[in-house]
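Each chain, letter by letter, is given below.
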Amino acid sequence: MPKEKARPGETLIARNKRAGFNYDLGDRFEAGIVLKGSEVKMLRAGKADLTDSFCTVSRGEVFLQGVSIAAMADAAFGHVPKGARKLLLHRREIQRIDLSISREGMTAVATRLYFKSGLAKVEIALARGKKIYDKRESIKEQDAEREARAVVVHGQRRYGGA
């Protein structure tokens, strides 16, 4: 799979590479995040990890759990590195996420963390867990794609002129 690039007008901070492997990703939502100053500063430095992140809905609000934003050593008002962070979504989006999590047996995982027009945003996806045999199939597809790319690259080198 080719490396994901940041979209125009966005600065990619972190990506959850394991989400696509562990889950079948469905609908995606863009949400703002409520952050403290030290958290924003560490995000600008690229010190975030989305590996074990997921979303919960509580009293009509969505919270992002498990995101690790490194603590700042000399911050006047520090933050908890793996604390829950409130997400800013429209009411209908929150209802849709809550319905999917509670009734359909899905989970909401964070897939990307980025800055858009100077604001920190997170992309969350509704996901259903993959079975072991599905993961094996994904590995086979990735290997086949990698081999196909290698054949094309070697073919161009072999017949490419000099």
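Preceding block: the structure.
Please read all numbers here as calculations on a predicted model, not as lab measurements. (Residues numbered from 1 in each chain as written. Predicted model: local features only at pLDDT ≥ 70, side-chain atom pairs only at ≥ 80, totals over all residues. Heavy atoms only, no water.)

Moving on, we get to the packing of aromatic side chains. Scanning all chains against the criterion turns up zero aromatic pairs. Across the ring face of Phe115, the terminal group of Arg44 is positioned such that the distance to the ring centre comes to 4.2 Å. Of note, Arg112 hangs over the ring of Tyr114, and the distance from its end group to the ring centre comes to 4.4 Å. (Phe/Tyr/Trp six-rings, centres within 6.5 Å; stacked < 30°, edge-to-face > 60°. Lys NZ or Arg CZ within 6 Å of the ring centre and 35° of its normal.)

Enumeration according to the criterion identifies nine salt bridges in this entry. The shortest N-O distance in the salt bridge between Arg28 and Glu123 comes to 3.2 Å. Residue Arg28 is found in strand β2 (residues 23-33), and its partner Glu123 is found in strand β9 (residues 119-129); the two are separated by 95 residues along the sequence. When its relative accessible area of 8% is taken as the criterion, Glu123 is described as buried. Arg146 is the partner of Asp143 in a salt bridge, and the nearest nitrogen-oxygen pair spans 2.8 Å. Highlighted residues: Asp143 and Arg146, both in helix α4 (residues 132-159), separated by three residues, approximately one helical turn. Asp143 sits in the partly exposed class, given a relative accessible area of 32%. The exposure class assigned to Arg146 is partly exposed, which follows from its relative accessible area of 47%. Taken together, the shared-partner salt bridges in this structure form one network comprising Glu10, Arg28, Arg112 and Glu123. (Salt bridge = Lys/Arg side-chain N within 4 Å of Asp/Glu carboxyl O. Helix = DSSP H or I, 4+ residues; strand = E, 2+ residues; numbered from the N terminus. Buried < 20%, exposed > 50% of the residue type's maximum accessible area, 1.4 Å probe, protein only.)

Once that is clear, we can look at unusual backbone geometry. Here the phi dihedral of Arg59 falls at roughly 50°; this positive angle occurs in a residue that is not glycine. Residue placement: Arg59 occurs in the loop between β4 (54-58) and β5 (61-65). Of note, Ser117 is a non-glycine position whose phi angle comes to about 55°, a positive value.

A few words now on the side chain of Ser100. Structurally, Ser100 is set in helix α3 (residues 91-102). Accessibility expressed as a relative area gives 2% for Ser100, which makes it buried. Beyond its immediate chain neighbours, meaning those up to four positions away, Ser100 contacts Gly105, Met106 and Leu126. (Contact = heavy atoms within 4.5 Å.)

The next subject is helix α2 (residues 37-44). An α-helix turns once per 3.6 residues; consequently, residues spaced three or four apart project the same way. Buried within α2 are the following residues: Ser38, Glu39, Met42 and Leu43. Each buried residue of α2 lies within a common arc of 140° when the element is viewed along its axis, so the set occupies one face. Looking at α2, the residues exposed on the side facing more than 90 degrees away from the buried face are Gly37, Lys41 and Arg44. Count one or two residues on from α2 and you reach Gly46, which has phi positive near 80°. (Arc of directions from axis to C-beta.)

Looking now at the sheet that holds β4. The strand order across the open sheet built from seven strands is β1-β8-β9-β2-β7-β5-β4, with neighbouring strands paired in antiparallel fashion. Of all strands in the sheet, those with a lone pairing partner are β1 (10-15) and β4, marking the two edges. Neighbouring strand axes in the sheet, compared pairwise and without regard to direction, differ in orientation by 45° on average. Sheet topology note: the β2/strand β7 (residues 85-88) ladder contains two bridges and is antiparallel. Paired with Ile33 across the two strands is Leu87, which belongs to β7. Contacting β1, β7, β8 (107-116) and β9, α2 runs over the sheet at an angle of about 80° to β8. On the sheet, α3 packs against β2, β4, β5, β8 and β9 and is oriented at approximately 105° with respect to β4. (Pairing = 2+ DSSP bridges. Axes fitted to C-alpha atoms, helices over the stretch in contact; angles between N-to-C directions.)

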